[in-house]
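What the coordinates show
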Amino acid sequence: MLQFVQELRSFVHGVPLDAFVQNRVLCLATEKLFINLGEAASRMAPQATMAMPDIPWRQIVGLRNVLAHGYEAVAHEVLFKTANDDLPGLEKALLAALDAYDLP
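Rules and cut-offs
- Residues numbered from 1 in each chain as written.
- Predicted model: local features only at pLDDT ≥ 70, side-chain atom pairs only at ≥ 80, totals over all residues.
- Heavy atoms only, no water.
- Helix = DSSP H or I, 4+ residues; strand = E, 2+ residues; numbered from the N terminus.
- Expected span 1.5 Å × (residues − 1).
- Buried < 20%, exposed > 50% of the residue type's maximum accessible area, 1.4 Å probe, protein only.
- Arc of directions from axis to C-beta.
- Contact = heavy atoms within 4.5 Å.
- pLDDT = per-residue confidence, 0-100.
- Salt bridge = Lys/Arg side-chain N within 4 Å of Asp/Glu carboxyl O.
- Axes fitted to C-alpha atoms, helices over the stretch in contact; angles between N-to-C directions.
- Parallel < 35°, antiparallel > 145°, perpendicular 65-115°, else oblique.
- Left-handed = near helix turned anticlockwise from the far one by under 90°.
- Phe/Tyr/Trp six-rings, centres within 6.5 Å; stacked < 30°, edge-to-face > 60°.

**Quick notes on helix 5 (residues 57–69)**
The terminal C-alpha atoms of helix 5 lie 18 Å apart, and with 13 residues this matches the ideal 18 Å at 1.5 Å per residue to within 8%. Every buried residue belonging to helix 5 is among Trp57, Ile60, Arg64 and Leu67, and all of these are buried. All buried residues of helix 5 lie within an arc of 110° about the axis, which places them on one face of the element. In helix 5, the exposed residues that point more than 90 degrees away from the buried face are Arg58, Gln59 and His69. Considering only its buried residues, helix 5 is in contact with helix 3 (24–42), helix 4 (46–51), helix 6 (76–85) and helix 7 (87–100).

In structure tokens form, the structure reads like this:
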């Protein structure tokens, strides 16, 4: 999950919204990484998710489901905003969880 978050953040870093939305390849790559992130979150053991309450598990998996099944309704502006506004906190929470559990 951390790798997907970091890749997503690097994709949007320093890119203006209008340039992001006009770049179809970047938008599709962002969608795919959000799907991968949600898939990884959905495979977490229930005990692990309960031990990490700072991570919005349902929202992450929900976004994956929308992107995977409702692709005609994807608002790339929302993905851009999510990547910029929400992923820094998610990255911090994942790093804290890895540190707490002494995981690689």
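**Description of the confidence of the model for the chain**
Residues at a pLDDT of 70 or more form 96% of the chain, whose mean pLDDT is 92. Across the chain, the secondary-structure element scoring lowest on mean pLDDT is helix 4, at 90, and the one scoring highest is helix 2 (residues 17–22), at 97.

**Brief notes about the pattern of salt bridges**
The tally for this structure, following the rule as stated, stands at four salt bridges. One salt bridge in this structure joins Glu39 and Arg64, with 2.9 Å as the shortest N-O distance. Here Glu39, found in helix 3, pairs with Arg64, found in helix 5; they are 25 residues apart in sequence, far enough to count as distant. The class for Glu39 is partly exposed, based on a relative accessible area of 26%.

**Regarding the packing of helix 3 against helix 5**
Between two packed helices, the angle of one axis relative to the other and the distance separating the axes together describe the packing. Between helix 3 and helix 5, the shortest axis-to-axis distance is 8 Å and the interhelical angle comes to 130°. With respect to helix 5, the element helix 3 is oriented oblique. The handedness of the crossing between helix 3 and helix 5 is left-handed. Two secondary-structure elements touch here, helix 3 through Glu31, Phe34, Ile35, Leu37, Gly38, Glu39, Ala41 and Ser42 and helix 5 through Trp57, Ile60, Val61, Leu63, Arg64, Leu67 and Ala68.

**Observations regarding the packing of aromatic side chains**
Here the structure, examined in full by the defined rule, presents one aromatic pair. Ring geometry for Phe20 against Phe80: centres 5.2 Å apart, planes inclined by 45°, an arrangement best described as tilted. Residue Phe20 is located in helix 2, and its partner Phe80 is located in helix 6; the two are separated by 60 residues in the primary sequence. Take Phe80: its relative accessible area is 12%, and that puts it in the buried class.

**Remarks on helix 1 (residues 2–12)**
Three or more residues of helix 1 are buried, namely Leu2, Val5, Leu8 and Val12. Looking straight down helix 1, one finds that the buried residues subtend no more than 130° of arc, so they occupy a single side. Taken together, the buried residues of helix 1 touch helix 2, helix 3, helix 6 and helix 7. Gly14 sits one or two residues past helix 1 and shows a positive phi near 75°.

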